[in-house]
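# Overview (structure and organization)
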Amino acid sequence: MEETLTLFTSIGLSEQKAKETLKNEALSSALKTAITKATSVTGSPGLDKAMGTLLYSMASRLKDLKHLAFLSDNIAQRKICTEIQLAAALDFVKSHPQDPLNQKEFEEACGVGVVITPEQIESAVESLIKKHKEQLVKERYHFNMGLLMGEARSALKWADGKAIKNEVDMQVLTLLGPKTEADMEKKSKPQKAKVAENGVKVKKEDVAVNGDAAPSEARSLMEQLRGEAIKFHKTGENYKTEGYVVTPKTMELLAKHLAITGGQIRTRFPPEPNGILHIGHAKAINFNFGYAKANNGICFLRYDDTNPEKEEEKYFTAIKDMVEWLGYKPYAVTHASDNFQELYDLALDLIRRGHAYVCHQKGEELKGHNAPPSPWRDRPIEESLVLFQRMKKGLFAEGEATLRMKMVMEDGKMDPVAYRIKYTPHHRTGDEWCIYPTYDYTHCLCDSIENITHSLCTKEFQARRSSYYWLCNALDVYCPVQWEYGRLNLTYTVVSKRKIIKLVETGVVRDWDDPRLFTLTALRRRGFPPESINNFCARVGVTVSQTTTEPHLLESCVRDVLNDNAPRAMAVLEPLKVTINNLPGNAKSEVRVPDFPADESKGSHTVPLTSTIFIEQSDFREVMEKGYKRLTPDQPVGLRHAGYVISVQKVIKDAQGKVVELEVTCCSSDAAERPKAFIHWVSQPLTCEVRLYERLFLHKHPEDSSEVPNGFLSDINPDSLQVIERAFVDTSVRGAKAFDKFQFERVGYFSVDPDSTAEKPVLCSSLQTMLRLTAWELTLRCLEPAERHPWTRCNSSGLPLKGYNCMDH
């Protein structure tokens, strides 16, 4: 240890720096090797500090140590003399991963032998001073001198940085003279931008890591994913990615890959068809399809259909529907099962190469990370080949044999399974196969077969990156680059397929598309526009860190879209009958209501106005209370859009004392004193059933045992569904198609539910506008008159209507 410490201090490292270096075993070993090599080249027992600094910088920055000796040799021969040359040298070896390196090309790329004279520096700086003279004279020493330095370095790539700086300082001083007191004053800094209203906090370490881009509400997803905005490798330059493994066949395989793809970016979205996609998948869809779209590439929709026990046709269909609903069209729809024969042939090749074997350990023995080593790991290759073929022919029982790969994963798991036996007919291939490949075996090989350039997956798959690279390289096939990004999670919900199935089976929710869930089919049924979900993904941003957000952030994006796109209508959910005793005989029988009050040029519709109307029960109070602005016996109120103000003349109650009807008089709003509020109303309405939804779970994290000790099923909100049998909606919604959307004034947003039939159209809501954000569903059943259509409405994440405080107008 002391000897190595002395060696490190001999090249100019401080004792503290040398001790810190010794703590890093990999760096310490690399630096010791570099010093030994340089010493053997110079023939001198000691190295000067300048050379020692370059050796240390090189050893600490070099990722592939196979070029350590080559670079040490060039530093020792003083071909690499500056940090700029060293940076160029590191870039060169990174771009040329295979030996032998061409010394001539290397020297040209690193500026070896290039001499920049003082006269050249003086001339170049003089030209730059002349270019920026006007601004320099105006701003004086507040001018950004870094701009001059940057442009000078670009013009004189191999010049000494200190020499350039000295020349810039001298020529600026000659032009401007010494600094004055005004020059010494600090320039005021611009105010910091406000925290984005999405509320998503970004940690310093979360930004620009492994292709990461920070969350940005100001930038669209396409802007975040386009070109240099995200630090991914360029097509064909896989080897420049940190951790990518280069083999003697790599460059040849990349050349063939480029010939096939033409340098086009290729991604894929590879869901398992064993459940419905959820909000987290929306980020994956936007990332995979979005990155390809933003960079003129293509994206495959590939079903990872390697587990026939859990796959159903409805999941295949629903997944494709959701991808297209979000606005993306796959370049091609493929299946892992398309490649079953090729994958089997590759497995035989893997065995022949000595990288796989047939094992008879039971499933329970293989669980966890401390499974005992397989006693069959070293069985003869020919024996494994015969046994694997017998597995294919169905000569073993399920669990009696597996094919395992000879490798250790990053999480310590040893020899992952490549093939297992399942006597279950496959959705597409029927009984043709009884052995099925695992994710660890299938995923990277299907990526290779489809010539994927960027294999984008969530952070939990980072532990499988080494096995991804290992398998492709073990078979000498093209190896894509795997990039990881953070999952998107929401509070107050569960998205696990197993847990959603449990909710369905126990009757807590009706199905995968129950509006209380956050599956994509549920969100669509709830009335969430697809662009709002895409906007939400853009607002969260493309981060490597796992993101957990509140539902109201998603709902904010929904509201932004629906506010511009959902035409207004009127609905009364808890109706109170109102009879207008003095409605003039010449009163208009129809009232025109603008579809978008903020922009009446976007159209309007008419609703009937008769002497019998209905208002919300909460819009009338028999006893006046302080701050209450709506209808009371002593306080009139205006009717929205009608042009009338009504005043109570008589309050009619039933035998129990409940108010069941009001008799009122009306006058023109032009002739009356302006009322304190205007309320919505309906006349000759359609009758509907209303289902009110609130959050399904009581706690933010229903899966967290510290919050919910008895499990997520014990955390169900008993009031998550409430039904109102008779609510009224105006006739403007008649004839609407599935997923048409409306905003009920002072209530919330609603969309037509796909359950609609000719006999019973259905509507489902999106958001309520006034109280806490919850989900609603309204079933609009036409009970009277007979010629009207029945409807059902569902409000998806709005506010509870019962007992709410209406907004005053």
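My aim in this report is to walk through the structure given alongside it, one point at a time. (Residues numbered from 1 in each chain as written. Predicted model: local features only at pLDDT ≥ 70, side-chain atom pairs only at ≥ 80, totals over all residues. Heavy atoms only, no water.)

## As for the packing of helix 4 (residues 49-61) against helix 6 (residues 83-95)
The condition is simple: Axis definition: a line fitted to C-alpha atoms, limited for helices to the stretch in contact. Angles are taken between N-to-C directions and run from 0 to 180 degrees. For helices the rule is a DSSP run of H or I covering at least 4 residues; for strands it is a run of E covering at least 2, with both sets numbered from the N terminus onward. The cut-offs work like this: below 35 degrees is roughly parallel, past 145 is roughly antiparallel, 65 to 115 is roughly perpendicular, and the gaps in between are oblique. It is the rotation of the near helix from the far one that decides the hand of a crossing: anticlockwise by less than a right angle makes it left-handed, clockwise makes it right-handed. Should any heavy atoms of two residues lie within 4.5 Å, those residues are counted as being in contact. The classification used treats Ala, Val, Leu, Ile, Met, Phe, Trp, Tyr, Cys and Pro as nonpolar, Asp, Glu, Lys and Arg as charged, and all other residues, Gly among them, as polar.
Helix 6 packs onto helix 4 with a crossing angle of 30 degrees between their chain directions and a minimal axis gap of 11 Å. Here helix 4 lies roughly parallel to helix 6, going by the angle between them. Read as a crossing pair, helix 4 and helix 6 show a hand that is right-handed. Residues Leu54, Ser57, Met58 and Arg61 of helix 4 lie in contact with helix 6, whose contacting residues are Glu83, Leu86, Ala87 and Leu90. Split into classes, the residues belonging to the contact of helix 4 with helix 6 amount to 5 nonpolar, 1 polar and 2 charged.

## A short note on the sheet that holds strand 7 (residues 435-437)
Selection rule: Should DSSP find at least two bridges between two strands, the strands are regarded as paired.
Reading across the sheet, the 4 strands line up as 4-5-6-7 and stay open at both edges, with antiparallel pairing between neighbours. Every other strand in the sheet has two partners, leaving strand 4 (356-359) and strand 7 as the edge strands with one partner each. For this sheet, the mean inter-axis angle between neighbouring strands, taken without regard to orientation, is 20 degrees. Here 3 bridges tie strand 6 (residues 417-421) to strand 7, and the two strands are oriented antiparallel to one another. Within strand 7, the residue paired with Tyr419 across the bridge is Pro437. Packed on one face of the sheet, helix 19 (residues 381-392) meets strand 4, strand 5 (402-405), strand 6 and strand 7 and runs near 60 degrees to strand 4.

## Remarks on the sheet that holds strand 3 (residues 332-335)
With parallel pairing, the 3 strands of this open sheet are ordered in space as 1-2-3. What marks the edges here is a single partner per strand, and that holds for strand 1 (266-269) and strand 3. Put simply, the sheet's adjacent strands are angled 35 degrees from each other on average, direction ignored. Pairing between strand 1 and strand 2 (residues 298-303): 4 bridges, direction parallel. For Thr267, the partnering residue across the bridge sits in strand 2 and is Cys299. Lying over the sheet, helix 15 (residues 279-294) contacts strand 1 and strand 2, oriented at roughly 160 degrees with respect to strand 1.

## Details of the pattern of salt bridges
Quick note on the threshold: Salt bridge, as applied in this entry: a Lys or Arg side-chain nitrogen positioned within 4 Å of an Asp or Glu carboxyl oxygen. Between buried and exposed lies partly exposed: a residue is buried under 20% and exposed over 50% of the maximum accessible area for its type, with that area taken using a 1.4 Å probe on protein chains only.
One pass over the full model with this rule turns up 37 salt bridges. A salt bridge links Arg465 to Glu484; its shortest N-O distance comes to 2.7 Å. Note that Arg465 is positioned in helix 21 (residues 465-474) and Glu484 in strand 9 (residues 481-485), a separation of 19 residues in sequence. The residues Arg465 and Glu484 share a single accessibility class, namely buried. Note that Arg510 and Asp514 form a salt bridge whose closest N and O atoms lie 3.9 Å from each other. Relative accessible area serves as the criterion here: at 0%, Asp514 is assigned to the buried category.

## With respect to helix 3 (residues 25-42)
Just so we agree on the cut-off: In this analysis, the expected span of each helix is defined as 1.5 Å times one less than the number of residues it contains. This arc is built from the directions going out from the helix axis to the C-beta atoms.
Spanning 18 residues, helix 3 covers 26 Å between terminal C-alpha atoms, matching the ideal 26 Å at 1.5 Å per step. Along helix 3, the positions that sit buried rather than exposed are Leu27, Ser28, Ala30, Leu31, Ala34, Ile35 and Ala38. Down the axis of helix 3, the buried side of the element spans an arc of 165 degrees, and every buried residue falls inside it. In helix 3, those exposed residues whose orientation departs by more than 90 degrees from the buried face are Glu25, Ala26 and Ser40.

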